[in-house]
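Commentary on secondary and tertiary structure
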Amino acid sequence: MPPVVRKRRPLIDHRFADERSQPFVDLIGLVRTDRPILRAVDLGCGSGLLALAALRLGASRAAAVDIDPLAVRATGDNAALNGLPLPVTQGSAEALAGLQGTSADLLLCNILAPVIEALAPSFEQILSPSGQGLLSGLLVDQVPSLQQTLTGCGWQAELIGRQEPWGLMRIRRARVVT
């Protein structure tokens, strides 16, 4: 069963966040990767907390995008508040290429499951072959449907954390056996 997160001191100072952001930031701290994170991207960044948390947890670089100009502003404000370098721009998945320059080791995406499903085909261009994604903003009861969509796009997807009613999924490229 995925871990349940207990309340603790925030990893990031912030002024703008919604109720879905802080549980996900807490869960990121529990996730271990098998290699250093050189490049992290936050797709649908909202307040920027996820990209900022990735930087605090050791990512060499991070970039963030959101379609909402107010979210882009909030992310810039939170990056300044935390003294962390975070390029951010208005846009969606295609805008990440201009900010990041190369594929990412870590995709962070804290948006609703139907939006994640719509964006799933673009994850292949965002993530490096050995990269992984952490997806949240989804309700635990939406996980089976989202897993099916992601599997159809060539991803292994698993629920790795929950803070009811929200869930955290990890995606990695599915291994093809020949």
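Residues numbered from 1 in each chain as written. Predicted model: local features only at pLDDT ≥ 70, side-chain atom pairs only at ≥ 80, totals over all residues. Heavy atoms only, no water.

Some thoughts on the confidence of the model for the protein chain
- Averaged over all residues, the pLDDT of the protein chain equals 82, while 76% of them reach at least 70.
- In the model of the protein chain, helix H1 (residues 21-28) stands out as the element of lowest mean pLDDT, 58, in contrast to helix H7 (residues 143-152), which has the highest, 95.
- Scored below 50 in pLDDT, residues 3-9 makes 14 contacts in the model with residues more than four places away or belonging to other chains. (pLDDT = per-residue confidence, 0-100. Helix = DSSP H or I, 4+ residues; strand = E, 2+ residues; numbered from the N terminus. Contact = heavy atoms within 4.5 Å.)

Thoughts on unusual backbone geometry
- With omega at 5°, the peptide bond leading from Glu164 into Pro165 counts as cis.
- Among the structural elements, Pro165 can be located in the loop between strand E6 (155-163) and strand E7 (166-173).

Some details on the pairing of strand E4 (residues 104-110)
- For E4, the tally of buried residues reaches 7 of 7 residues, placing the bulk of the element in the interior.
- Relative to strand E5 (residues 127-139), E4 runs parallel, the two sharing 6 bridges. The partner of Asn110 across the bridge, within E5, is Ser136. (Buried < 20%, exposed > 50% of the residue type's maximum accessible area, 1.4 Å probe, protein only. Pairing = 2+ DSSP bridges.)

Concerning the nonpolar core
- Core analysis: the biggest nonpolar cluster contains 26 residues, and Leu43, Phe123, Leu135 and Leu150 have the highest contact counts within it.
- Ranked by size, the runner-up nonpolar core spans 18 residues in total, among them Cys45, Leu86, Leu106 and Leu108. (Core = buried A, V, L, I, M, F, W, Y, C linked by side-chain atoms within 4.5 Å.)

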